[in-house]
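Read off the chains here:
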Amino acid sequence: MFTIENLITISNIYKIYNKGENEVRALNGVSLSIGEGEFVAIVGQSGSGKSTLMNILGCLDTPTMGEYYLDGENVAGLSEKRLTQIRNCELGFVFQGFNLISGLDALENVELPLLYRGIPKSGRRALAQEALSKVGLTNRENHKPDQMSGGQQQRVAIARAIAAKPPIILADEPTGNLDSKSGAAVMRILNSLNEEGKTVVLITHDEKIAASAGRVVQIQDGQIVSQ
Ligand SMILES: Nc1ncnc2c1ncn2[C@@H]1O[C@H](COP(=O)(O)OP(=O)(O)O)[C@@H](O)[C@H]1O
Ligand SMILES: [Mg+2]
């Protein structure tokens, strides 16, 4: 029998800011499972808790309460060293702002995180070139960010996220700063990465963008209202 392994399981997650009088329940009891190879869009209005959830899924933040299992490992019990290893090897991050380094060209931007992973120079170059080719930017390798459009910069950021071949891509409003044509190009890339077998979690406030994912999960006031 075919079963999808749950790669990500969060169970009854709370994130509470300013506990006490002015408390904000950014996440108010969220449970969600994501199978290996799924493409899930988490959609909700501004302030609904999407980025908080993404930061927890990305091991960038910890919940106030609740459990998170990533590929069978209880994230709460992991050392900082292991968490860094997970962030570097298992997860690729894409954000709304492209966060490229202005003094570096596209190839150098994609290579930089590979340096931190200890990959030798020749390997870095080959992986970065492969990633830029996947996002259709081989002819922009030597362009600096200010010599590229927003859509191209976001594609460089995606190349940077996938260069080390992490199995999971987390994208928080990746099309938020883009016109609809460039946004559609980014979605095509995320879809093709998913077709290659990567698990993709896309966060967006835009229902039209969310509709191209395999599954849409709606979040409202820190709670999942449909999935
Ligand atoms: N560091 C923080 N301190 C206090 N409140 C926060 C903090 N971060 C987020 N919030 C609040 O948590 C809620 C969810 O925020 P967020 O996850 O950023 O929503 P979204 O990404 O859906 O716009 C919002 O009400 C926000 O104001
Ligand atoms: Mg957000």
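Let me begin by describing the structure that accompanies this report. (Residues numbered from 1 in each chain as written. Chains lettered and ligands numbered in written order. Predicted model: local features only at pLDDT ≥ 70, side-chain atom pairs only at ≥ 80, totals over all residues. Heavy atoms only, no water.)

Let us look at the layout of surface pockets. The gaps left among the atoms become clear once a water-sized probe is rolled over them. For the largest pocket, the calculated volume is near 270 Å³. Every residue along the wall of the largest pocket is listed here: Leu60, Arg87, Asn88, Leu91, Gly92, Phe93, Val94, Phe95, Pro113, Arg117, Arg160 and Ala161. Sorting the residues of the lining of the largest pocket by element identifies helix H2 (80–89), strand E6 (91–94) and helix H5 (150–162) as the ones contributing at least two each. If you tally residues by element for the lining of the largest pocket, the top one is E6, at four residues. Per-class residue counts for the lining of the largest pocket are seven nonpolar, two polar and three charged. (1 Å grid on protein atoms, 1.4 Å probe; cavity = no way out; pocket = protein on both sides within 12 Å on 5 of 7 lines; lining within 4 Å. Points joined across faces, edges and corners; volume = space filled by probe spheres on them. Helix = DSSP H or I, 4+ residues; strand = E, 2+ residues; numbered from the N terminus. Nonpolar A, V, L, I, M, F, W, Y, C, P; charged D, E, K, R; others polar.)

In this section: empty space enclosed by the protein. For the coordinates displayed, the defined rule picks out one cavity of 30 Å³ or more. Considering only enclosed or pocket space, the largest cavity measures out at about 50 Å³ in volume. Along the walls of the largest cavity sit Leu127, Glu130, Ala131, Lys134, Ile162, Ala163 and Lys165, which together make up its complete lining. Residue contributions to the lining of the largest cavity peak at four residues, all from helix H4 (residues 121–134).

Below, the discussion takes up the environment of Leu104. Take Leu104: it is sitting in the loop between E6 and helix H3 (106–116). Taking the C-alpha atoms as reference, Leu104 lies 7.7 Å from Pro145; in sequence the two are 41 residues apart. Discounting residues that sit within four places of it in the chain, Leu104 has contacts with Asn109, Leu112, Lys144 and Pro145. (Contact = heavy atoms within 4.5 Å.)

With that settled, the discussion passes to the side chain of Asp172. The residue Asp172 is located in strand E7 (residues 168–172) in this model. Despite its burial, Asp172 pairs with no opposite charge; the closest candidate is Lys50, at 6.6 Å N-O. The residues touching Asp172, leaving out its near neighbours within four places in the chain, are Ser51, Met54, Val94, Phe95, Gln96 and Ile203. (Buried < 20%, exposed > 50% of the residue type's maximum accessible area, 1.4 Å probe, protein only. Lys, Arg positive; Asp, Glu negative; His and termini not counted. Salt bridge = Lys/Arg side-chain N within 4 Å of Asp/Glu carboxyl O.)

Further remarks concern the site of ligand 1. Taken together, Tyr17, Val24, Ala26, Gln45, Ser46, Gly47, Ser48, Gly49, Lys50, Ser51 and Thr52 form the complete shell of residues around ligand 1. Contacts to ligand 1 include Gly49, whose backbone N or O atom sits 3.1 Å from an oxygen atom. Lys50 places a polar side-chain atom, nitrogen or oxygen, 2.8 Å from an oxygen atom of ligand 1. Protein coverage of the free-state accessible area of ligand 1, which is 560 Å², stands at 59%. At the level of secondary structure, the elements contributing two or more residues to the shell around ligand 1 comprise strand E2 (24–35) and helix H1 (50–57). At three residues, H1 tops the list of elements feeding residues into the shell around ligand 1. Along the lines of polarity and charge, the residues of the shell around ligand 1 split into three nonpolar, seven polar and one charged. (Near = heavy atom within 4 Å. Polar contact = N/O pair within 3.5 Å; in protein donor to acceptor, adjacent residues only side chain to side chain. Areas by Shrake-Rupley, 256 points an atom, 1.4 Å probe, with all protein chains shown as cover.)

Spatially, E2-E1-E4-E5 is the arrangement adopted by the four strands of the open sheet, whose pairing is antiparallel. A strand with exactly one partner marks an edge of an open sheet, and here the two such strands are E2 and strand E5 (73–74). The pairing of strand E1 (residues 6–17) with strand E4 (residues 65–70) spans five bridges and is antiparallel. When the bridges of E4 are listed, Ile10 appears paired with Tyr68. Where H1 meets the sheet, it contacts E1, E2 and E4, and its direction lies at approximately 125° from that of E1. (Pairing = 2+ DSSP bridges. Axes fitted to C-alpha atoms, helices over the stretch in contact; angles between N-to-C directions.)

Reading across from one edge, E6-E7-E8-E3-E9-E10 is the order of the six strands in this open sheet, with mixed pairing throughout. What marks the edges here is a single partner per strand, and that holds for E6 and strand E10 (223–226). Between one strand and the next, the sheet's axes are offset by a mean angle of 25°, whatever the strand orientation. Pairing geometry for strand E3 (residues 39–43) and strand E8 (residues 199–204), over five bridges, is parallel. Looking across to E8, one finds that Val40 is bridged to Val201. Sheet strands touched by H5: E6 and E7. Its angle to E6, the strand with the most contacts, is close to 165°.

Before going further, it helps to examine the packing of aromatic side chains. This structure, assessed with the given rule, holds one aromatic pair. Ring geometry for Phe93 against Phe95: centres 6.0 Å apart, planes inclined by 0°, an arrangement best described as stacked. The exposure class assigned to Phe95 is partly exposed, which follows from its relative accessible area of 30%. (Phe/Tyr/Trp six-rings, centres within 6.5 Å; stacked < 30°, edge-to-face > 60°.)

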